[in-house]
Amino acid sequence: MNIQSSLPDDLVRGLQAAQADWKANNKPARLWAKDASLWTNDDEGKWLGWLDIVEREQADLATLTALSQDVKAAGFEHALLLGMGGSSLCPEVLSLTYGKQAGYPSLHIVDSTDPAQVLAAEKAVDLTKTVCIVASKSGSTLEPNILKDYFFEQMKKAVGADKAGSHFIAITDPGSKMEQVAKADGFRHTYYGDPAIGGRFSALSKFGLVPAAVAGLDLERFLASAASGVAAAKTPDVETNAAATLGLILGTAHNSGRNKITFFTSPEIFDLGAWLEQLIAESTGKLGKGITPVDRETIGAPSVYGDDRVFAYIRLKGGDNAALDAGVAALEKAGQPVVRFEIEDVYGLPAQFFTWEFAVAVAGSVMGINTFNQPDVEAAKVATRALTDAYAKTGKLEEHTPLVETDGIKVFADAKYAATLGKQADVAGYIKAHLAQIKAHDYFATLAYIQNNAAHESEIQSFRMKVRDRKKVATCLGFGPRFLHSTGQDYKGGPNTGVFLQITADHAVDVAIPGAKYTFGVVIDAQAAGDLTVLEERGRRALRVHLGKDVAAGLKKLDGLVSSALA
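In this text, all values refer to a predicted model and were calculated from it rather than measured experimentally. In this convention, every chain numbers its residues from 1, walking through the sequence in written order. Only residues with pLDDT of at least 70 are given local features in this predicted model, and only at 80 or more are side-chain atom pairs given and counted; all residues enter the totals for whole chains, interfaces and linings. Neither water nor hydrogens contribute to the side-chain values; these are computed over all heavy atoms in the structure.

Enquirer: Account for the sheet that holds strand 1 (residues 4–6), with residues named and values stated.
Expert: Taken together, the 5 strands give an open sheet; going across it, the order is 1-10-9-7-8, and neighbouring strands pair in mixed fashion. Whereas interior strands pair on both sides, the edge strands pair on one side only; in this sheet they are strand 1 and strand 8 (292–294). Taking the axes of each pair of neighbouring strands and ignoring which way they run, one obtains an average angle of 20° across the sheet. A pair of strands is considered paired only if DSSP assigns at least 2 bridges between the two. Helix and strand assignments come from DSSP, with helices taken as H or I runs of at least 4 residues and strands as E runs of at least 2, each series counted from the N terminus. Bridge count for strand 7 (residues 260–265) against strand 9 (residues 309–316) is 6 bridges, and the pairing is parallel. Within strand 9, the position partnered with Phe264 by the bridge is Tyr313. Whether two residues are in contact is decided by their heavy atoms, any of which lying within 4.5 Å being enough. Fitted lines through C-alpha atoms give the axes, limited to the stretch in contact for helices. The angle between two N-to-C directions lies from 0 to 180 degrees. Taken strand by strand, helix 12 (residues 272–284) contacts strand 7, strand 8 and strand 9, and its axis lies near 160° from that of strand 7. Together, strand 7, strand 9 and strand 10 (338–343) form the strand contacts of helix 14 (residues 349–367), whose direction differs from that of strand 10 by roughly 145°.

In structure tokens, the structure reads:
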């Protein structure tokens, strides 16, 4: 495992000082010894099970192989992974990187409460030939629970109540509510996570490996790659330890004001950034500190970037790399800090998983934070729960008065931020006033509570890049509610440098949730409202734009409004 870096002089000096500190104080060995004093001396020692999980999973390879064989013999053609955050992002990377393996089911990820997206996932498969994997560490997370309820009911209709359970697999921690549900409903299998591993560090545990086994990946090769990452991270010399060096660069850069990291990946491994987003944002974004991850920004000329970023280029050997190679070389020539990894093939990803986990643990130590907690994620959950509970009693969600409505688009903000923006005549005026709040070293984040599909992403990417190029700031895009379990921690707990554009819409269709008094549409609306409430409570600059039922048309209008505001 080798890391290449091109760093400006001030960051080189900072890295050398950090390396000297880690060497003099024996910190690499202390990390492997699970010494909580490397961070805040709180409960960090209880969350380091990921350090030795690869060795334990290699010893349990027969269990995973048996699952793979069972799924193949059963003739399943599709697998639906029902989960959120750390339970779904690694499986998504596997699905989009490795593709369908001959004789095994294709792996689909369902990590949304948007009713159109839930229906699209159902329509993409034949439930009679589908196995559903319900992934939830705690077993109490809202989204996987209601997704399980919905798909279990649909499965009963498709194959009969007596056979539905044989189409379900659970991944959860021992003793969880989901374990009880799996037993009661006669699930085909239940696999257990390690309670000493947080969700974002669980890629190389059963939460990543069970979906890999179901999808028919070469598990022995997969784990051997991970083991090579572990071995490299045990290199005692911190200067030749790629994972430790990466972490020291990230932590040192953060402390000197470069508190954003932008990922560039070969197109064949593009989704790795989605997993890295959660790992970095949820681990570092707290107590007013944070490394804000920037994923899926197309590479630009050096002139569109400020001086607050580190760039990471993860290159697949033999991939379609010409444009990225040239763009990254230009950034290096311009003096921007760049770190590079090259992997031989897609089975190099498991080693990258561990390398980045270790690096983020190191970075958190340098930043002086507890890398393993997520104190602000719960705030949005609490706000959402209050809204759904109220709906169950009253049959409606709290309504808000828009600041203005123009051509079917409404805008909302709390009184304090509305005063900052000033009274505007129309939606265009509020969009312009909102974007005018962006200043150097800020970032612009679009939080889209709509169906996550290629068409919607393309429209948002269009105006996202315009903001970056015009304002020369980092830009982010998250689809709700999945980003709440990922970058949401940094947006609420990190530095107050974000300018947020939340997008909501009317639902052209809605989907009932078995046994609940609310629908998927009500849930995602409550999640959006809860998220916005917490952002506003934290004094964030947040504007909500509400589209009509024709989301595609609404996004096109929004693109035009942003373009005009930036002109």
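Enquirer: With reference to specific residues and values, describe unusual backbone geometry.
Expert: In this structure, the amide linkage connecting Gly480 to the following residue, Pro481, adopts the cis form with an omega of 5°. When you line up the elements, Pro481 lands in the loop between strand 14 (474–479) and helix 19 (488–493). For Asp407, which is not glycine, the phi dihedral falls at a positive 55°. Topologically, Asp407 is positioned in the loop between strand 11 (404–406) and strand 12 (409–412).

Enquirer: Tell me what's going on with the packing of helix 5 (residues 89–98) against helix 14, and back it up with residues and numbers.
Expert: Between two packed helices, what matters for the description is the angle formed by their axes and the separation of those axes. Orientation of helix 5 relative to helix 14, taken along the N-to-C sense of each, is 150°, at an axis distance of 12 Å. The angle between helix 5 and helix 14 places the two elements in the roughly antiparallel class. You can see that helix 5 and helix 14 cross each other, and the crossing is right-handed. Here helix 5 contributes Cys90, Val93, Thr97 and Tyr98 to the contact with helix 14, which in turn contributes Leu349, Pro350 and Phe353. Each angle receives one of four descriptions, namely roughly parallel if under 35 degrees, roughly antiparallel if over 145, roughly perpendicular if within 65 to 115, and oblique otherwise. Whether a crossing is left-handed or right-handed is set by the direction in which the near helix is turned from the far one by less than a right angle, anticlockwise for left-handed and clockwise for right-handed.

Enquirer: Go over the packing of helix 5 against helix 12, please, and point to the residues and values.
Expert: Remark: helix 5 packs on helix 12, axes separated minimally by 8 Å, with the N-to-C direction vectors making an angle of 165°. With respect to helix 12, the axis of helix 5 lies roughly antiparallel. When the axes of helix 5 and helix 12 are compared, the crossing they make is left-handed. Contacts from Leu89, Cys90, Glu92 and Val93 in helix 5 reach Leu272, Ala274, Trp275 and Gln278 in helix 12. Under this grouping Gly is polar, as are all residues other than the nonpolar Ala, Val, Leu, Ile, Met, Phe, Trp, Tyr, Cys and Pro and the charged Asp, Glu, Lys and Arg. A breakdown of the residues in the contact of helix 5 with helix 12 according to their chemical character gives 6 nonpolar, 1 polar and 1 charged.

Enquirer: Give a detailed account of the sheet that holds strand 4 (residues 130–135), specifying residues and quantitative values.
Expert: Judged by pairing direction, the sheet is parallel, and its 5 strands sit side by side in the order 3-2-4-5-6 without closing on themselves. Edge positions in the sheet fall to strand 3 (106–110) and strand 6 (189–192), since each has one partner strand and no second. Across this sheet, the average inter-strand angle for adjacent strands is 20°, counted without regard to direction. As defined by bridge partners, strand 5 (residues 168–172) adjoins strand 6 across 4 bridges and the pair is classed as parallel. Within strand 6, the position partnered with Thr172 by the bridge is Tyr192. Along the sheet face, helix 8 (residues 177–184) touches strand 4, strand 5 and strand 6 and points at about 160° away from the line of strand 5.

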